Amino acid sequence: MKLFSKILMGAAVFGMMASGEASAAQKIVMDGSTTVGPIAKSFAAYFTKTTGTEVTVSESGSGNGAKSIINGTCDIANMSRAMKDKEVAAAKAKGVNPVEHVVALDGIAVVVNPSNRVQNLTLAQIRDIYSGKVTNWNQVGGPSAAIVKIQRESNSGTQDTFKHLVMGKAYPISKRAETQASNGAVKSRVASTPAAIGFVGLGFVDGSVKAVKVNGVTPSVETVKDGSYPISRPLFMYTNGEPTGVVKQFIDLNQTSAGMRMISELGFVNK
Amino acid sequence: MNLGTRKVLDRSFTSLGIGSIVVMALALLVVITPIVYNGLGAVFFQGTIEHRKLLQDEFHRGDKAQLEREIEESGRYRMEAYRMLGEFEAELEGMDPVKARQYRMQLGPVKTALQGLLGPIPGEEPGILTRFRYGQTRWEKAEEKLHELLYESKWDYSDPNVMAKEYFVRRAESFEGTSLLPLFSYVEQNAEKMLLPRFTAYWGFLFDKSVDAHIFGGIWPEIQGTFFLAIGAMLFAFPLGVVAAIYFTEYAKDNLFTSMLRSANSTLAGVPSIVFGLFGLAFFINTLKVSESKSVLAGALTLAIMILPTIIRAAEEAILSVPKTYKEASLGLGSTKWNTIVTVILPAALPGIITGGVISLGRAAGETAPIIFTAAVSVGSAIGLADVLSSPTPALSWNIYNLASEHEMASEIRHVQYGMVLALVSIVLLLNLSAVLLRARITKKLKG
């Protein structure tokens, strides 16, 4: 039995070593959208630095954010779409009162590979591509190549908004569209596939992909802000009831000058 | 069969065996080499002065006096570049507005690239996010940024029927005849003097917290979270598993109920790990409410259930392989059953039991799916031992996935991803190695 106690000792010593930092008095747990993720992560780092409150951020999709706030397992749910009536009802049934806070505005950029000559698509063309009516780039002014459609998973708020603003109820997204689980994954798929088309939050667009003009409007901070870019939406943070204490302080970050600067540096739009 | 044929068969079988071992070794090499090479790159690299500034500002580490000297030294070369920029901006003021506007549009990307390379341009407000407050901290990244500054990427759309090809144009060409022209060759020639790269061993990569969502800093919170989760899982699963194995081998009657339990256990071992993850969320968090949010506790419990079948099976096999004569001798000397199990059978079976345990520990450390919904977060600080009951934690396995696919700057932080992968592989390897050593020692002790 000497060995057993040795092993236990080892574990105990390791435990002591690891328990260096004292536990913070208050903490904020956030869950939800990958689109809101960059804002949440930057706010969290800033908030921890300035107030000492520990903040953790999970990026598991808007749908999971809603579930977490309904089950009471997070303090703030990040969502890139508004809560659905069904979700609000489920929350009310559990005694949770979801309160909506708009943290920023965001455009959904339709992105293609930079090697694709297509510069401009109309909403109808995008709808036709995603519903499967248009299958080759040469039908919309591009080179002759079969279109690879990339969509998001059903859990995604970006997917919901895209369906709502572009597809409408009458045009379901083609079953042949490929599904990726995050904005980052869509971007890297489009960046590595010449004939691909995808859609990501404005903050995720960089040099590796090309955002096309939609109805002749370039997606940008200005066009989202003045409403001329057709595929834009607010980004939300939900709390259970009106926030108080550190949660309120955190939610209000987007009205401070530091918060507003973080939002615009990340490529999102201040409301 | 005559002797000749037998010899040929024998030789060909030997060569087949050696051949397959070589193929396996090669395959392993192909997988491991890039991980080790790129992973080590997270710790050992050509660090620029920006890296040293960051360390000083964020962690108060490094030689302050020397850093100031270096800042002054590199500053002299930088000032020259900024002076050229300023001169050109002054020249723009006096230019024909249409032309000036055209130049300004081309100047934007130049300034962005220069800022990416060297950090905030003096006179302009530095960014609030850490990523915009520093230039490139790694020399190989700086070289990429330098290329971005010198060349503009364009796409050749001339043939409407095919996908376009990328080509590069020197940015200097669009500023021909202006005062900005010398800037490009100046920066190209003096980039090293502006950034002062030198060989850096950044051990803090293992022991620092992350800065600005893993773009800078280290991975300590992840390493610690991985240890907490794996050891927590062991604390639950190991005693339970050994007790269950003792029950199966020594107490359970050989009837339908027992065989059902056994096959249930085997089935559990084959259940995909994501199912355990969802079960953990539904049972431990939403039903039992072991914690208010995701937590190390909930994650460890979920992992414990996942590795329990393996531990039970390994312990069972180990106990069964103890020679019957040991037990008979002990009972024959008048020992009780429980005493026999504790003093004779378990010590003899210990090497096998521990091997099973440590291999499970490695698996618990490496699994992603069970902790997605129960414990893991993409950003969080290292937590103290007091917080394991209530706080979620970052963990290597989940953060590798998160950084590689979800992070907004995934392609810029490949070195961090590889560093994490190497750390995880090393941890699992170390655990398995310690299992081998421990087993050898115990076996030797038992024999001696």
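As assigned here, chain B comprises domain 1 (48–198) and domain 2 (220–447). Its C-alpha centre places domain 1 of chain B at a distance of 51 Å from the equivalent point of domain 2 of chain B.

Applying the stated criterion across every chain, the model contains 32 salt bridges over all chains. The shortest N-O distance in the salt bridge between Glu58 of chain B and Lys49 of chain A comes to 3.3 Å. Residue Glu58 of chain B is found in helix H2 (residues 49–59), and its partner Lys49 of chain A is found in helix H2 (residues 37–51); the two belong to separate chains. Between Arg131 of chain B and Asp212 of chain B there is a salt bridge, and its shortest N-O distance comes to 3.0 Å. Taken together, the residues span a long stretch of sequence, with Arg131 of chain B in the loop between helix H4 (97–118) and helix H5 (139–150) and Asp212 of chain B in the loop between strand S5 (210–211) and strand S6 (216–217) at a distance of 81 residues. For the pair Arg131 of chain B and Asp212 of chain B, one class covers both residues: buried. Taken together, the salt bridges that share partners define one network made up of Lys41 and Glu59 of chain A together with Arg131, Asp212 and Glu408 of chain B.

Another aspect to go through is the environment of Tyr134 of chain B. Residue and element names in this part refer to chain B. For Tyr134, the location among the structural elements is in the loop between H4 and H5. Residue Tyr134 is classed as buried on the basis of its relative accessible area of 8%. Distance from Tyr134 to His51, taken between C-alpha atoms, is 8.2 Å for residues 83 residues apart in sequence. Each residue touching Tyr134, except ones within four places of it in the same chain, is listed here: Glu50, Lys53, Leu54, Asp57, Gly119 and Pro120. One polar contact links Tyr134 to Asp57, side chain to side chain, over a distance of 2.5 Å.

With that settled, the discussion passes to the domain arrangement of chain A. Note: interface size is frequently given as the accessible area lost on complex formation between the parts. Residue and element names in this part refer to chain A. On domain assignment, one finds that chain A holds domain 1 (2–104 + 235–265) and domain 2 (106–232). Measuring from the centre of the C-alpha atoms in domain 1 to the corresponding centre in domain 2 gives 30 Å. Across the contact, 13 residues belong to domain 1 and 11 residues belong to domain 2. Interface of domain 1 and domain 2: buried area, both sides summed, is about 830 Å²; carbon and sulfur atoms make up 42% of it. Taken together, the connections running from domain 1 to domain 2 amount to two salt bridges. A salt bridge links Lys84 to Asp160; the shortest N-O distance between them is 3.1 Å. The interface formed by domain 1 and domain 2 contains 12 residue pairs in polar contact (both at pLDDT 80 or more). Ranked by the residues each element gives to the side of domain 1 that touches domain 2, the list is headed by helix H3 (residues 62–70), at three residues. Its residues assigned to classes, the side of domain 1 that touches domain 2 comprises three nonpolar, eight polar and two charged.

Conventions we followed
Residues numbered from 1 in each chain as written. Chains lettered and ligands numbered in written order. Predicted model: local features only at pLDDT ≥ 70, side-chain atom pairs only at ≥ 80, totals over all residues. Heavy atoms only, no water. Domains from an automatic or database assignment. Salt bridge = Lys/Arg side-chain N within 4 Å of Asp/Glu carboxyl O. Helix = DSSP H or I, 4+ residues; strand = E, 2+ residues; numbered from the N terminus. Buried < 20%, exposed > 50% of the residue type's maximum accessible area, 1.4 Å probe, protein only. Contact = heavy atoms within 4.5 Å. Polar contact = N/O pair within 3.5 Å; in protein donor to acceptor, adjacent residues only side chain to side chain. Buried area = accessible area lost by both parts, 1.4 Å probe. Nonpolar A, V, L, I, M, F, W, Y, C, P; charged D, E, K, R; others polar.

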